[in-house]
Amino acid sequence: MGVLASMFTGVSGLAAQGEALSVVADNIANANTTGFKSSRAEFQDIIAKNLKGILGGNQIGRGVKIGAVNPILIQGNVDHTENATDLAIEGDGYFVLRGSDGQTFSRDGSLHFDKDGYFISNDGQRVQGFIADNDGKITSNIGDIHLPKAIIPARATKNVNMTLNLDSRLPVGQYFDMRHPNESSQYSTGVEIYDSQGNKHIMTQFFNKVADRTWEWHGLCDGKEVTGGREGEMAEIARGRLTFTVDGKLETQAMTRKNFNFAGGALPNQDVDVSFGDAIITNRGKGMGGTVQYGKESDLLVWKQDGASAGTIVNMSFSDTGVLSALYTNGETRDLAGIVLAKFDAPERMYKVGNNRFKESRDSGTPSIGLTNMGGRGKIYAKSLERS
């Protein structure tokens, strides 16, 4: 019996060392596997017999066994790539995937879009993220990250914001003649307006000083673009008045006429507000956050409007915060989704399922899923991969 037991003790050593070599071999084999974490075999002795019971000492060991194979969860090197869909995690966290075997987790950021526009791993699992609404605002709804192929609808202009300086040195009394607007105005500039179908119209604004610290403006458009207008003639679609304080600040602003009725079946009586800043009386502002009147040549400093034509995606990119943004043919950029990461209390206890993926186990704890760089979750780097 003693001889056989001693032989078993030796065999246990060979078996344990063989398994440990398998762990080392697996580490070496995965040296170039993206996001791979090496493991270490932990040995434990085997006690088979106590010659004196609980008195201590005089114990005969019966060999060795592999007590655990624990992953070494250290940060891998983050290497830059030229692939826009490569993502690397620095710090704690795992990408959340969903597919053929339910919800899984991975550090492998070699991701891409499939033919249907879904953001997937190399084995076809769909990457999960916070999905944006129709206005491009990231919500708290988690789902498959998807690159839409449909045309985004046109958006009619509702607001035009302008910041100008109107020259206070100009004289009063210039009469505006709509038939000869350039010759009968003291300053002119143009802005874009989109109708409900996404057609762009240029509204040229002509400014005249009608009294000290008081200006009138007329917004004209090509007559063929306006309902009831005539081709080759300008049609007035807006008119307004501005007043200023003695020190050049915007005091009041008012639109005295609106006629945004564009031809071609667009929405009639389109409501467009043209704002020149935070007028002291009209907007209860300070009069400095917009148009002013100083003794300097009239000039348009800044303008913007909130309309857009219809568009399709021409390019996309991920930011270093994991937000997927798309650039459309109409020049608009819109957020589509934000990558989420899952953090575990005991990530070394997660269950490997192959293909660089893990599953939640009883000992790993439940995942805390949320935004990157929050709640102890790591950062994401775009155009990068984490090496093993």
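The sections below set out a description of the structure shown in this document. (Residues numbered from 1 in each chain as written. Predicted model: local features only at pLDDT ≥ 70, side-chain atom pairs only at ≥ 80, totals over all residues. Heavy atoms only, no water.)

## What about the side chain of His218?
Here comes step 1: Checked against the element boundaries, His218 lands in strand β14 (residues 214-222).
Here comes step 2: We classify His218 as buried; its relative accessible area is 12%.
Here comes step 3: Here the side chain of His218 touches Glu236 through a polar contact of 2.7 Å, side chain to side chain.
Here comes step 4: Ignoring anything within four residues of it in the chain, the contact list for His218 reads Phe176, Thr204, Gln205, Phe206, Glu236, Ala238 and Arg239. (Helix = DSSP H or I, 4+ residues; strand = E, 2+ residues; numbered from the N terminus. Buried < 20%, exposed > 50% of the residue type's maximum accessible area, 1.4 Å probe, protein only. Polar contact = N/O pair within 3.5 Å; in protein donor to acceptor, adjacent residues only side chain to side chain. Contact = heavy atoms within 4.5 Å.)

## As for the sheet that holds strand β13 (residues 200-211)
Here comes step 1: Taken in spatial order, the 5 strands of this open sheet run β12-β13-β14-β15-β16, and their pairing is antiparallel. Of all the strands in the sheet, the pair left with one neighbour each is β12 (187-194) and β16 (250-258). Neighbour to neighbour, the strand axes of the sheet diverge by 25° on average, direction disregarded.
Here comes step 2: Sheet topology places β14 next to strand β15 (residues 234-244); 9 bridges connect them, and they run antiparallel. The partner of Gly219 across the bridge, within β15, is Ala238. (Pairing = 2+ DSSP bridges. Axes fitted to C-alpha atoms, helices over the stretch in contact; angles between N-to-C directions.)

## A short note on unusual backbone geometry
Here comes step 1: With a phi angle near 65°, Arg213 is a residue other than glycine that sits in the positive phi range.
Here comes step 2: Its location among the elements puts Arg213 in the loop between β13 and β14.
Here comes step 3: A residue is classified by how much of its surface remains accessible, and Arg213, at 37% relative accessible area, is partly exposed.
Here comes step 4: Even without being glycine, Asn269 reaches a positive phi, approximately 50°.

## A short note on the sheet that holds strand β11 (residues 159-165)
Here comes step 1: Reading across the sheet, the 3 strands line up as β17-β11-β18 and stay open at both edges, with mixed pairing between neighbours. The outermost strands of the open sheet, each flanked by one partner alone, are β17 (273-275) and β18 (299-305). Each neighbouring strand pair of the sheet contributes to a mean axis angle of 20°, computed without reference to strand direction.
Here comes step 2: Across 6 bridges, β11 lies against β18 in antiparallel orientation. Its bridge partner being in β18, Val160 is matched across the sheet by Gln305.

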